[in-house]
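The chain contents come next:
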Amino acid sequence: MGGYKHEGFVEVLAAQQSPENPNWFQGTADAVRQYLWLFEEQQVMEFLILAGDHLYRMDYQKFIQVHRETVADITVAALPMDEKRATAFGLMKIDEEGRIIEFAEKPKGEFLKSMKVDTTILGLDEERAQELPYIASMGIYVVSKDAMIRLLRDDFPQANDFGSEVIPGATSIGMKVQAYLFDGYWEDIGTIEAFYNANLGITKKPLPDFSFYDRTAPIYTQARFLPPSKVIDADVTDSVIGEGCIIKNCKVHHSVVGLRSWIAEGVIIEDALLMGADYYETDEQRAMIIAKGGIPVGIGCNSHIKRAIIDKNAHIGDNVKIINRDGVQEAARETDGYFIKSGIVTVIKDAVIPSGIVI
């Protein structure tokens, strides 16, 4: 996996129960604490703690370099932001050396104004510093090995979360907690709306919000060795198409079409995210499913999908309309194969939507 002398590796450490600890992971800090015995064995100086549901591109070497140069116990990656966005995040206040002195979780009103900082300290230019006078925690950290062991084992043995418990706690006991400014694209895709917007953001013209076309910092995925996508008499605009798709005589606009997607004749897809499929059905299998009155994987003829997420392996019949006709904001209809959050219809994995249905 690269790294020094190609000694890098990836190992998955699953949540588990043991006689000493009968509980599953209770939070980010607890997950690390349960595996401290393993991390202690590694001959390292720092640990880099990252989140799994964020989209961004960062050179972690610079992050670690700042941690070492400032001789910090913990360094927190910070995102500069304006007042409008700031109310939705955990904010931090720093002194003139960039050391964090105060935390505030989603502050409002006067309390929000009191969290303003001079972001030029962290390297922003004067003009940008005026526009973005707040810094929010990105939820990613560099922690020195000794500090991590002390915090999780001795000082806060009951703390479950880094962001709300361990990091503010470290500040309160006098540890040196430093901020590191990251001034680039970053999105937390932990909600349906954020996930939808981040995906459709890659179709934006002339430049996407986040680009995967960067040779210097590639983003890896599982190699699936699929054939190229086949587009037959289709009108595709402002969209991103994954590999292995079959798209026939239909209209696709401002959408992301995932791998192995099958889109039949007469379909209209707008502002939608299709996750694709985990497997192919052969022509014979599809014909057999249809002969038995079933619905094969994919989008059936003359269906219309707008502002929706279609999860993997969905079976959508002919003449289906997924357009949120009544403008519903929230609905839990999992038994019918879908739910609606923030006005976005999500068809769940492996769901079957019969022909002629209107959502």
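An unreviewed UniProt entry lists the chain under the name glucose-1-phosphate adenylyltransferase, with Ceratopteris richardii given as the organism. For the record of the chain, the UniProt heading Sequence similarities (unreviewed entry) holds the text "Belongs to the bacterial/plant glucose-1-phosphate adenylyltransferase family." The Catalytic activity (unreviewed entry) comment attached to the chain in UniProt states, word for word, "alpha-D-glucose 1-phosphate + ATP + H(+) = ADP-alpha-D-glucose + diphosphate".

Student: Let's hear about the overall build of the chain: which residues, and what values?
Tutor: A tally of regular secondary structure across the chain gives 10 helices and 26 strands. Projecting the C-alpha coordinates of the chain onto the three principal axes gives extents of approximately 70 × 50 × 40 Å. In the chain, which comprises 359 residues, the proportion classed as buried is 41%. Taking contacts inside the chain between residues at least 6 apart in sequence as the whole, the part at least 24 apart equals 54%. Summing over all exposed atoms, the chain offers an accessible surface of approximately 19,800 Å²; the carbon and sulfur share of this is 52%. Computing the positive centroid from 36 side-chain charges and the negative centroid from 53, the chain places the two 4 Å apart.

Student: For the UniProt feature "domain: Nucleotidyl transferase" (unreviewed entry) in the chain, give the residues involved together with the corresponding values.
Tutor: Using the residue numbers shown here, the UniProt feature "domain: Nucleotidyl transferase" (unreviewed entry) corresponds to residues 10–204. Along residues 10–204 one finds 35% helix and 23% strand; the C-alpha atoms at either end are 33 Å apart.

Student: Tell me about a nonpolar patch on the surface, residues and numbers included.
Tutor: A surface patch of nonpolar side chains, about 380 Å² in accessible area, is lined by Phe212, Tyr213 and Ile219. The residue isoleucine 219 is located in the loop between helix H9 (192–201) and strand E9 (230–232) in this model.

Student: Describe the environment of tyrosine 180, with residues and values.
Tutor: Considering the arrangement of structural elements, one finds tyrosine 180 in strand E7 (residues 177–181). Placed 137 residues apart in sequence, tyrosine 180 and glycine 317 show a C-alpha to C-alpha distance of 51 Å. In contact with tyrosine 180, not counting residues within four places along its chain, are Met58, Lys62, Phe63, Val66, Thr75, Val76, Ala77 and Ala78.

Student: Mind laying out the packing of aromatic side chains, listing which residues take part and the relevant values?
Tutor: Taken as a whole and assessed by the stated rule, the structure comprises 10 aromatic pairs. Here the aromatic cluster, defined as three or more aromatic residues joined through ring pairs, consists of Phe25, Tyr35 and Trp37. If you follow lysine 341 out to its NZ or CZ, it ends over the ring of phenylalanine 339, 5.0 Å from the centre.

Student: Explain the pairing of strand E6 (residues 134–144) to me, using residue names and the numbers behind them.
Tutor: Most of E6 sits inside the fold, with 9 of its 11 residues counted as buried. Across 4 bridges, strand E1 (residues 46–49) lies against E6 in antiparallel orientation. Each residue of the ladder has a partner; that of glutamate 46, found in E6, is serine 144. The sheet contact formed by strand E3 (residues 74–81) and E6 spans 7 bridges and is antiparallel. Among the inter-strand pairings, valine 76 is bridged to a residue of E6, identified as tyrosine 141. Judged from the 2 bridges that link them, strand E4 (residues 90–94) and E6 form a sheet pairing that is antiparallel. Bridging from a neighbouring strand, methionine 92 pairs with isoleucine 135 of E6.

Student: Summarise the pairing of strand E5 (residues 100–105); cite the residues concerned and give the values.
Tutor: In this sheet, E5 lies alongside E4 in antiparallel orientation, the contact comprising 5 bridges. The residue bridging lysine 93 from the neighbouring strand is glutamate 102, located in E5. The hairpin turn running from E4 into E5, its antiparallel successor, is 5 residues long, and glycine 98 in that turn takes a positive phi close to 85 degrees.

Student: Talk me through the sheet that holds strand E10 (residues 235–237); I want residue IDs and the actual numbers.
Tutor: Two strands in a sheet stick together by hydrogen bonds in their backbones, pointing the same way (parallel) or opposite ways (antiparallel). Spatially, 5 strands are ordered E10-E13-E16-E19-E22 in an open sheet, and the strand pairing comes out parallel. The two strands at the open ends of the sheet, each matched to only one other strand, are E10 and strand E22 (321–322). Inspection of the sheet shows E10 paired to strand E13 (residues 251–253) by 3 bridges, in the parallel sense. Residue pairing in the sheet places valine 236 in a bridge with valine 252 of E13.

Student: Let's hear about the environment of lysine 116: which residues, and what values?
Tutor: Looking at the element boundaries, lysine 116 is found in the loop between helix H5 (109–113) and helix H6 (126–131). Sequence-wise, lysine 116 and arginine 307 are 191 residues apart; in three dimensions their C-alpha atoms are separated by 37 Å. Once residues lying within four places of it in the same chain are set aside, the contact partners of lysine 116 are Glu83, Lys93, Pro133 and Tyr134.

Student: A description of the sheet that holds strand E24 (residues 338–341) should follow, citing residues and the corresponding values.
Tutor: Across the sheet, which stays open at both edges, the 7 strands sit in the order E11-E14-E17-E20-E25-E24-E23 with mixed pairing between neighbours. In this open sheet, the two edge strands, each paired with only one partner strand, are strand E11 (240–241) and strand E23 (331–333). Taken together, the 4 bridges between E24 and strand E25 (residues 344–347) define a ladder with antiparallel strand orientation. Across the sheet, the residue bridging to tyrosine 338 is valine 347, located in E25.

Student: So what's going on with a negative patch on the surface? Which residues, and what values?
Tutor: Together, Asp82, Asp118, Asp125, Glu126, Glu127 and Glu131 make up a region of like negative charge exposed at the surface. Mapped onto the fold, aspartate 118 is located in the loop between H5 and H6.

Student: A description of the pattern of salt bridges should follow, citing residues and the corresponding values.
Tutor: Within this structure, the stated rule accounts for 14 salt bridges. Two residues, glutamate 46 and arginine 68, come together in a salt bridge whose shortest N-O distance is 2.9 Å. Placement of the pair is glutamate 46 in strand E1 and arginine 68 in helix H3 (residues 60–69), with a sequence separation of 22 residues. The partner of glutamate 281 in a salt bridge is arginine 286, with the nearest N and O atoms 3.5 Å apart. Take glutamate 281 and arginine 286: they sit in the same class, and that class is buried. Counted as one network, the salt bridges with shared partners bring together Asp278, Lys312 and Lys349.

Analysis parameters
Residues numbered from 1 in each chain as written. Predicted model: local features only at pLDDT ≥ 70, side-chain atom pairs only at ≥ 80, totals over all residues. Heavy atoms only, no water. UniProt positions renumbered as here; feature names shortened; annotations may be inferred. Helix = DSSP H or I, 4+ residues; strand = E, 2+ residues; numbered from the N terminus. Buried < 20%, exposed > 50% of the residue type's maximum accessible area, 1.4 Å probe, protein only. Contact = heavy atoms within 4.5 Å. Areas by Shrake-Rupley, 256 points an atom, 1.4 Å probe, with all protein chains shown as cover. Lys, Arg positive; Asp, Glu negative; His and termini not counted. Charge placed at Lys NZ, Arg CZ, Asp CG, Glu CD. Patch = residues over 30% accessible without salt bridge, like charges linked within 9 Å, V, L, I, M, F, W, Y side chains within 5 Å. Salt bridge = Lys/Arg side-chain N within 4 Å of Asp/Glu carboxyl O. Phe/Tyr/Trp six-rings, centres within 6.5 Å; stacked < 30°, edge-to-face > 60°. Lys NZ or Arg CZ within 6 Å of the ring centre and 35° of its normal. Pairing = 2+ DSSP bridges.

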